[in-house]
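# Close look at the chain arrangement
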Amino acid sequence: MEKEIFEKARTVVCDGNKAAAHAVRLCRPDIISFYPITPQTPLLENLYGWSGDGLMDADFVEVEGETSAIGVVSGASAAGGRTFTASSGAGLAYMFSGYLWPSAFRLPVVMANVNREQSPPVQVAGGNSDMMSVKDGGWIQIHVENCQEILDTLIMAYRLAEDPEILLPVQVSYDGFVLSHLSQNVSIPAQKDVDRFLPPISNIKRPLLDPDLGTTFATWVRGELLSEFYYKRCEAIESSKKKIEEIEQQFHNLFGRSYGGLVEEYLTEDAEILMVSLGSQVGTMRVAVDRAREKGTKVGLVKIRVFRPFPIEKLAAIFQGKKAIGVYEKAPCWGWNRGHVCMEVNGVLGESGNAIPVVNFLGGMGSIDITIEEVEKSIAVTRKVGDGCPHKKIYWMPLEDTPDE
Amino acid sequence: MHFKCSYDIPYGHKKKIWTLDISGMSSTRPTINKEACTECGTCYLYCPTGAIFFDDGGIHVTFDFCKGCGTCAQECPTTAIVMMEISGE
């Protein structure tokens, strides 16, 4: 394919991995290093293929494992380059010790996580337990619903990470197999438009490795300085909430698409009960919410797009005055006997002083289907909870015979 | 809020880095038998802290960085290096 045709705006039918690869290509990274792991491998193969055909100018560093991949990418970012890496499931676990570095040293690394169930027990199946297991890594974490959003969010991620006021690593997560391997309509922007949106990385001023000055990113720090480094990092992560919304507005002005910033609301204004979720199942839940509305249940849907930093203020405002909240998610939080999102929603309600009953639904683990009927059942249970009926705190949807009717 | 560091991350350059003084931590030091030493450079390659130097005058150890780990003595093919206990000081 000719490079000029490749760089034009066009609409294609492609899967999530290819959409992510297109986004990375458009952002012109300097160094790419990652290790293949299903379901992320086709993303790597696309990038290698285009580079081999002369359609892309990145340098690739082949490594023997994810620990090295994140090391290469952190070092390249510290030297001033724009980088990309990606992983999944057990690969993310193997990467974890290096995963902690970009946040501590404020390196604008961008990575894609293709959500796969964490091992053990090993399975090649989609799920959220891997992205939840690294939620404390200090990265900005955004979860997306469809293939178009993968592409758009990755482009915005580079802009967010490299902003001189932010300088934090950003992880864009999308569900493995459901999004990574199934195809949807994706509108790919033109290279020149993305160049306008995303300036080259060498424009920004930040601490860099410099052989002449003999600079170093200290691995060892005196204990008395730790509090201030932690505080400064917390402040930066907090300030990214506003920046995400600004960047999305600019993206909307140029490309015509936006996703609500930190949180996307669907029919929440006059809703009496709310369903809260994140990731690809939100698409299914929209249909279930529409059906429940036709039957007379006033239900709304809240999609948490940015998981870290958690959008506490936005959610507290949306939850105000509702009768019940049903949190539908995929990953259990060990030790809390709830899912991760439910635990955090409880935190929001506690902080804002709202005493609203919350009911948790766990489903979709190990790539089993979250069907519209299952979501409708959970909406029915949430409605009962809103009417004051006694209820369990958590329903394991694949295991329950029938939730309380 | 009062901060001691002007950077947001632990970062510095040559003149402002605080280096840890390792030499005070070791209880043994390598001694090199010049007659047995063939200057093959194995100890220089293996030293984890880069405390061994290899120049025209032969093999030297700089005690600023020597941790006393004994790897050089372990790896020397002619057993020219012996780790001696430090006493006194």
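Scroll up for the structure.
What comes next concerns the included structure.

What counts and how
Residues numbered from 1 in each chain as written. Chains lettered and ligands numbered in written order. Predicted model: local features only at pLDDT ≥ 70, side-chain atom pairs only at ≥ 80, totals over all residues. Heavy atoms only, no water. Helix = DSSP H or I, 4+ residues; strand = E, 2+ residues; numbered from the N terminus. Rg over C-alpha atoms; globule rule 2.2 N^0.38 Å. Buried < 20%, exposed > 50% of the residue type's maximum accessible area, 1.4 Å probe, protein only. Contact = heavy atoms within 4.5 Å. Areas by Shrake-Rupley, 256 points an atom, 1.4 Å probe, with all protein chains shown as cover. Axes fitted to C-alpha atoms, helices over the stretch in contact; angles between N-to-C directions. Parallel < 35°, antiparallel > 145°, perpendicular 65-115°, else oblique. Nonpolar A, V, L, I, M, F, W, Y, C, P; charged D, E, K, R; others polar. Pairing = 2+ DSSP bridges. Left-handed = near helix turned anticlockwise from the far one by under 90°. Core = buried A, V, L, I, M, F, W, Y, C linked by side-chain atoms within 4.5 Å. Disulfide = S-S within 2.5 Å. Buried area = accessible area lost by both parts, 1.4 Å probe. Salt bridge = Lys/Arg side-chain N within 4 Å of Asp/Glu carboxyl O.

## Examining the overall build of chain A
When helices and strands are counted, chain A shows 13 helices and 18 strands. Radius of gyration (C-alpha) of chain A: 21 Å, near the 22 Å computed for a compact globule of 405 residues. Oriented by its inertia axes, the alpha-carbon framework of chain A measures out at about 70 × 55 × 45 Å. For chain A, the proportion of its 405 residues judged to be buried stands at 58%. Considering only intrachain contacts with a sequence separation of at least 6, the fraction spanning at least 24 residues in chain A is 78%. On chain A, roughly 16200 Å² of surface is accessible, and the fraction owed to carbon and sulfur atoms is 53%.

## Some remarks on the packing of helix H11 (residues 312-319) of chain A against helix H12 (residues 340-352) of chain A
Residue and element names in this part refer to chain A. Put simply, H11 and H12 touch, their axes get as near as 9 Å, and they point 75° apart. Comparing their axes, H12 and H11 come out roughly perpendicular. Residues Ile312, Leu315, Ala316 and Phe319 of H11 lie in contact with H12, whose contacting residues are Val345, Val348, Leu349, Glu351 and Ser352. When the residues that make up the contact of H11 with H12 are grouped by side-chain class, the tally is seven nonpolar, one polar and one charged.

## Remarks on the sheet that holds strand E18 (residues 394-396) of chain A
Residue and element names in this part refer to chain A. The mixed open sheet is built from six strands, whose spatial order is E10-E12-E11-E14-E17-E18. Here the strands that pair on one side only, and so sit at the sheet edges, are strand E10 (263-266) and E18. Taking the axes of each pair of neighbouring strands and ignoring which way they run, one obtains an average angle of 20° across the sheet. Along the sheet, helix H13 (residues 372-386) makes contact with strand E11 (273-277), strand E12 (299-304), strand E14 (324-329), strand E17 (358-362) and E18, crossing E14 at roughly 155°.

## Some words on the packing of helix H4 (residues 66-78) of chain A against helix H5 (residues 89-104) of chain A
Residue and element names in this part refer to chain A. Here H4 crosses H5 at 25°, and the two axes come no closer than 7 Å. Accordingly, the angle class assigned to the pair H4 and H5 is roughly parallel. Crossing of H4 over H5 shows right-handed handedness. Taken together, the residues of H5 that come into contact with H4 (itself represented by Glu66, Thr67, Ile70 and Ser74) are Gly91, Tyr94, Met95, Ser97, Gly98, Tyr99, Trp101 and Pro102. Residues that form the contact of H4 with H5 fall into these classes: six nonpolar, five polar and one charged.

## Some words on the nonpolar core
Nonpolar side chains tend toward joint burial in soluble globular proteins. Residues and elements named next belong to chain A. The biggest cluster of nonpolar side chains holds 81 residues, and the ones touching the most others in it are Leu43, Leu47, Phe84, Phe319 and Ile325. The element that contributes the greatest number of residues to this core is helix H7 (residues 147-161), accounting for 10 residues. The next biggest cluster of nonpolar side chains, apart from the first, holds 20 residues, and it includes Ile273, Val282, Leu301 and Tyr328.

## Examining the state of the cysteines
A complete count under the given rule lists zero disulfides over all chains for this structure. Its sulfur unpaired, Cys43(B) is 6.5 Å from the next cysteine sulfur, which belongs to Cys40(B).

## Structural notes on the interface of chain B and chain A
For an interface, size is often stated in terms of accessible area lost upon the parts coming together. In this complex, chain B contributes 14 residues to the contact, which on the side of chain A involves 21 residues. Interface of chain B and chain A: buried area, both sides summed, is about 1700 Å²; carbon and sulfur atoms make up 68% of it. Taken as a group, Ile9(B), Pro10(B) and Tyr11(B) account for 35% of the area that chain B buries against chain A, more than any other trio of residues on that side. Counting the contacts that link chain B with chain A gives one salt bridge.

## Thoughts on the sheet that holds strand E3 (residues 59-60) of chain A
Within a beta sheet, neighbouring strands are joined by backbone hydrogen bonds and run either parallel or antiparallel to one another. All names here are of chain A. Strand order in this open sheet of seven strands is E3-E2-E4-E5-E7-E6-E13, and the pairing throughout is mixed. Strands at the two margins of the open sheet, each flanked by one partner only, are E3 and strand E13 (306-308). The sheet contact formed by strand E5 (residues 110-115) and strand E7 (residues 170-175) spans six bridges and is parallel. Bridge pairing links methionine 111 to glutamine 171 in E7. In this fold helix H2 (residues 16-26) packs onto strand E2 (31-32), strand E4 (83-87), E5 and E7, with an angle of close to 155° to the strand it touches most, E7. The strands touched by H7 are E4, E5, strand E6 (140-143) and E7; relative to E7, the strand with the most contacts, the crossing angle is about 170°.

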